[in-house]
Amino acid sequence: MKIWLDGGLQDSESARVSVFDHGLTVGDGIFETVKAVHGETFALTRHLDRLTRSARGLGLPDPDLDEVRRACAAVLAANPMPLGRLRITFTGGHGPLGSDRGEHGPTLVVALGGTGRRPDSTATITVPWTRNERGALTGLKTTSYAENVVALARAHRHGATEALFGNTVGRLCEGTGSNVFVVLDGEIHTPPLASGCLAGITRELTVEWTGAKETDLPLDVLEHADEVFLTSTLRDVQAVHRVDDRELPGAAGPVTAKAMRVFDERAADDLDP
């Protein structure tokens, strides 16, 4: 396996990032996960735009997007596979053992891992922890992901693939790595960015392509929504058949099934929408 590290391809077995890299010591970094199908990326421009927004939000220098594109192309060419998870990581670089940054400049890593198509539906749970809609990292896709690791492990223990968060005022927010949509009286709704959720790329496209409404929703909407579905880079649009102990009828309700179909068709028509 070949990865890109700071300017060129390296063998994954021998590539090394400093133990003093700020991404490791204090989680001072950002990342993007991009779907790659037979070596072709999906929505790469939108992902790179968000990478830049996250860098600015964290106070990192803007990534060199020309280099990032070269890195992505090189890694994809070196590691052919039918369906891949292309991971772009950009950190504060070598720094002191504390919150202050060093002056060595950022670290860029691009790596690729194989994956499979997700099932058409899945189970989810809600968790007792909250998203902070007013935090310094709200809306940024950072490497400070430990609370997602904890929540996702809890979901797996309950036979689910995703954990859903409310925010500090009890409103529906997002999953550990997904955005959540609900269907109410035939209309699709998803929490607004003000809820503290990440501006997901698949979320953004789903809103554009289905006319979904951004609506401030209570967390308990999950107890009576007609349908629930998730969106993310590797899920695309995925129906939810269980939330906690509540079973939702059918593998995908009619509105969700249409959203899945629309997304698949539009995505097939344009790889960089």
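These numbers were taken from a predicted model, which means no experiment stands behind them.

A separate point is helix α3 (residues 65–78). Between the first and last C-alpha of α3 there are 20 Å, a value that for 14 residues agrees with the 20 Å anticipated at 1.5 Å per step. Taken together, the buried positions of α3 are occupied by Glu67, Val68, Ala71, Cys72, Val75 and Leu76. Seen along its axis, α3 keeps its buried residues to an arc of 165 degrees; they face one direction. Set apart from the buried face of α3 by more than 90 degrees, the exposed residues are Asp66 and Ala77.

This next bit is on the packing of helix α5 (residues 201–210) against helix α6 (residues 254–269). Between α5 and α6, the shortest axis-to-axis distance is 10 Å and the interhelical angle comes to 105 degrees. Accordingly, the angle class assigned to the pair α5 and α6 is roughly perpendicular. Touching Thr202, Leu205, Thr206, Trp209 and Thr210 of α5 are Ala259, Val262, Phe263, Arg266 and Ala267, all from α6. Partitioning the contact of α5 with α6 into residue classes produces 6 nonpolar, 3 polar and 1 charged.

Turning next to the sheet that holds strand β3 (residues 29–37). Strand order in the open sheet formed by 6 strands is β2-β1-β6-β5-β3-β4, with antiparallel pairing between adjacent strands. Taken across any chain shown, the strands that pair with only one partner, and hence form the sheet edges, are β2 (8–11) and β4 (40–41). Pairing of β3 with strand β5 (residues 83–91) involves 9 bridges; the strand directions are antiparallel. If you follow valine 34 over to β5, its bridge partner there is leucine 86. Together, β3, β4 and β5 form the strand contacts of helix α2 (residues 44–58), whose direction differs from that of β3 by roughly 175 degrees.

Next up on the list: the pattern of salt bridges. One pass over the structure, following the stated rule, counts 15 salt bridges. Here arginine 101 ties to aspartate 28 by a salt bridge, and the two come within 2.7 Å at their closest N and O atoms. Residue arginine 101 is located in the loop between β5 and β6 (107–114), and its partner aspartate 28 is located in the loop between α1 (22–25) and β3; the two are separated by 73 residues in the primary sequence. A salt bridge links arginine 242 to glutamate 247, with the shortest nitrogen-to-oxygen separation between them at 3.9 Å. Ionic contacts of the salt-bridge type, sharing partners, join the residues Arg46, Glu204 and Glu208 into one network.

In this section: the side chain of serine 195. Within the element layout of this structure, serine 195 appears in the loop between β11 (187–190) and α5. In this structure serine 195 comes out as buried when scored by relative accessible area, which is 3%. A polar contact of 2.7 Å, which involves the side chain of serine 195, links it to the backbone oxygen of proline 192. Those residues in contact with serine 195, other than ones at most four positions away along the chain, are Glu133, Asn167, Leu172 and Cys173.

Both the distance between ring centres and the angle between the ring planes are used here to describe each pair of aromatic rings. Overall, the coordinates contain 4 aromatic pairs when judged by the stated rule. A centroid spacing of 4.8 Å and a plane angle of 10 degrees characterise the contact between phenylalanine 181 and phenylalanine 229, whose relative ring orientation is stacked. Taken as a pair, phenylalanine 181 in strand β10 (residues 179–184) and phenylalanine 229 in strand β13 (residues 227–232) lie far apart in primary sequence, 48 residues in all. Across the pair, exposure class does not vary: phenylalanine 181 and phenylalanine 229 are buried alike. When the ring centre of phenylalanine 31 is taken as origin, the NZ or CZ atom of arginine 87, which lies over that ring, is 3.8 Å away.

Further remarks concern the environment of aspartate 64. Mapped onto the elements, aspartate 64 comes out in the loop between α2 and α3. Residues aspartate 64 and leucine 48, spaced 16 residues apart in sequence, show a C-alpha to C-alpha distance of 9.9 Å. In terms of polar contacts, aspartate 64 uses its side chain to reach the backbone amide nitrogen of aspartate 66, at 3.1 Å.

Turning to its location among the elements, histidine 156 is positioned in helix α4 (residues 146–157). Separated by 62 residues in sequence, histidine 156 and proline 218 have C-alpha atoms that sit 24 Å apart.

Definitions and limits used
The written sequence of each chain sets the order in which its residues are numbered from 1. Where local features are concerned, this predicted model is filtered to residues with pLDDT of at least 70; where side-chain atom pairs are given and counted, the filter is 80 or more; whole-chain, interface and lining totals use all residues. The side-chain quantities take in all heavy atoms of the structure and omit both hydrogens and water. Counting from the N terminus, the helices are the DSSP runs of H or I reaching at least four residues and the strands are the DSSP runs of E reaching at least two. To estimate how far a helix should extend, the number of its residues minus one is multiplied by 1.5 Å. The buried label goes to any residue with under 20% of its type's maximum accessible area, the exposed label to any with over 50%, and the partly exposed label to all in between, with areas taken from a 1.4 Å probe on protein chains only. To be clear, the arc concerns the directions from the helix axis to the C-beta atoms. Only the stretch in contact is used when fitting a helix axis, every axis being a line fitted to C-alpha atoms; angles between N-to-C directions are given from 0 to 180 degrees. In this scheme, roughly parallel covers angles under 35 degrees and roughly antiparallel covers those over 145, while 65 to 115 is roughly perpendicular and the rest are oblique. Any two residues whose heavy atoms approach within 4.5 Å are treated as being in contact. Classes in brief: Ala, Val, Leu, Ile, Met, Phe, Trp, Tyr, Cys and Pro nonpolar; Asp, Glu, Lys and Arg charged; the others, Gly included, polar. For two strands to be treated as a pair, DSSP must find no fewer than two bridges joining them. Should a side-chain nitrogen of Lys or Arg be within 4 Å of a carboxyl oxygen of Asp or Glu, the pair is scored as a salt bridge. In protein, a polar contact means a hydrogen-donor-capable atom and an acceptor-capable atom, both N or O and within 3.5 Å, with residues adjacent in sequence counting only if both atoms are side-chain atoms; elsewhere, any N or O pair within 3.5 Å suffices. Any two of the Phe, Tyr and Trp rings considered here, Trp counted by its six-membered ring, make a pair once their centres fall within 6.5 Å; the pair's planes then place it as stacked at under 30 degrees, edge-to-face at over 60, or tilted in between. In this scheme, Lys NZ or Arg CZ marks a charge over a ring once it lies within 6 Å of the ring centre and within 35 degrees of the ring normal.

In short, the description is geometric, and any link to function would need to be established separately.
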